[in-house]
Amino acid sequence: MTTTAERTRATTRPAFRLTFALVESFVLVGAVVGVLQLWTGSFAPPVSDLQPLGLHDWKLPAAWLFFSVAIPSSMAVSAALVRLPRTPEIVLVASALLLVEVTVQIPFVGPSVLQAVMGSIAILLGTLAWLARRGGTWRAQLD
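A brief structural summary. Because the structure is a prediction, the values reported are computed rather than measured.

Cut-offs applied
Here the residue numbering is sequential within each chain, running from 1 through the sequence in written order. Local features in a predicted model are, by the rule used here, given only for residues with pLDDT of at least 70; side-chain atom pairs are given and counted only at 80 or more, and totals for whole chains, interfaces and linings are based on all residues. Note: side-chain values were computed over all heavy atoms of the structure, leaving out hydrogens and water. Whenever a helix is involved, its axis is fitted only over the stretch in contact; in every case the axis is a line through C-alpha atoms, and angles between N-to-C directions fall within 0 to 180 degrees. Helix and strand definitions follow DSSP, with helices as H or I runs of at least four residues and strands as E runs of at least two, each counted in order from the N terminus. Angle categories: roughly parallel below 35 degrees, roughly antiparallel above 145, roughly perpendicular from 65 to 115, and oblique for all the rest. Here a crossing is taken to be left-handed if its near helix is turned anticlockwise relative to the far helix by less than a right angle, and right-handed if that turn runs clockwise. Pairs of residues are marked as contacts when any of their non-hydrogen atoms sit within 4.5 Å. Residues are grouped as follows: nonpolar covers Ala, Val, Leu, Ile, Met, Phe, Trp, Tyr, Cys and Pro; charged covers Asp, Glu, Lys and Arg; every other residue, Gly included, is treated as polar. Buriedness for pockets is judged along seven lines, at least five of which must meet protein on both sides within 12 Å for an open set on the 1 Å grid over protein atoms alone, while cavities are sets there where a 1.4 Å probe fits but cannot get out, and lining residues have an atom within 4 Å of a point. Grid points are joined across faces, edges and corners, and a volume is the space filled by probe spheres set on the points. The nonpolar core is taken to be a set of buried Ala, Val, Leu, Ile, Met, Phe, Trp, Tyr and Cys residues, with the residues joined through side-chain atoms within 4.5 Å. Burial status follows relative accessibility: with a 1.4 Å probe on protein chains alone, a residue under 20% of its type maximum counts as buried, one over 50% as exposed, and anything between as partly exposed.

## A look at the packing of helix 2 (residues 17-40) against helix 4 (residues 87-109)
(1) Moving on: One way to put it is that helix 2 packs onto helix 4 with a least axis distance of 12 Å and a crossing angle of 30°. With respect to helix 4, the axis of helix 2 lies roughly parallel. As helix 2 packs across helix 4, the resulting crossing turns out to be left-handed. Each of F20, E24 and V27 in helix 2 lies in contact with helix 4, whose residues at this interface are T87, V91, A94, S95 and L98.
(2) Moving on: Each residue belonging to the contact of helix 2 with helix 4 can be placed in one class, and the counts come to 5 nonpolar, 2 polar and 1 charged.

The following block contains the structure:
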């Protein structure tokens, strides 16, 4: 015989789980492609954009992109797929780091459509994560 809590847990679906997994996967793929492009220098902005910082190639910005966007997004994808109860918080952190990345880029390479798209995605995911956290469906997984 099942209890009410077990029935609730079995029927409660964590809010935005599929959205988190799919959109964070898109961000992850974009970040990895960006890291590879910067690391190899292909399709990268001119190195002269980095000279005010004393940098002579795009390897340090590539590493920054990897650690600030690719890793947090991969953690958010993994958390959503396994229904980790802390997924909304992980998505919030990944979204905030993506916004930092986009904001840091603007002074060096100028504004672009890609930054607007990624910034919008970060705001969307952050909003959905806040709503999911507030809604409590992820918390039901702890009961």
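## Some remarks on empty space enclosed by the protein
(1) Moving on: In this structure the tally under the stated criterion is 1 cavity of 30 Å³ or more.
(2) Moving on: By volume, the largest cavity is sized at about 30 Å³.
(3) Moving on: Forming the walls of the largest cavity are E24, V27, S73, A94, S95, L98, A122 and L125.
(4) Moving on: Per element, the largest residue contribution to the lining of the largest cavity is 3 residues, and it comes from helix 4.

## Examining the layout of surface pockets
(1) Moving on: Computed from the structure, the largest pocket encloses a volume of approximately 790 Å³.
(2) Moving on: Lining the largest pocket are 33 residues, and of these L38, L65, E101, Q105 and L114 lie nearest its centre.
(3) Moving on: For the lining of the largest pocket, the secondary structure elements donating two or more residues are helix 2, helix 3 (59-81), helix 4 and helix 5 (113-135).
(4) Moving on: Looking at the lining of the largest pocket element by element, the count peaks at 8 residues for helix 2.
(5) Moving on: Per-class residue counts for the lining of the largest pocket are 25 nonpolar, 7 polar and 1 charged.

## What to know about the nonpolar core
(1) Moving on: Grouped together as the largest cluster of nonpolar side chains are 27 residues, with contacts concentrated most on F20, V27, V69, V91, L98 and M118.
(2) Moving on: Within the residue set of this core, elements represented by two or more residues are helix 2, helix 3, helix 4 and helix 5.
(3) Moving on: For this core, the element with the highest residue contribution is helix 5, accounting for 7 residues.
(4) Moving on: When neighbours within four sequence positions are excluded, V91 is seen to be in contact with F20, E24, A76, L125 and A129.

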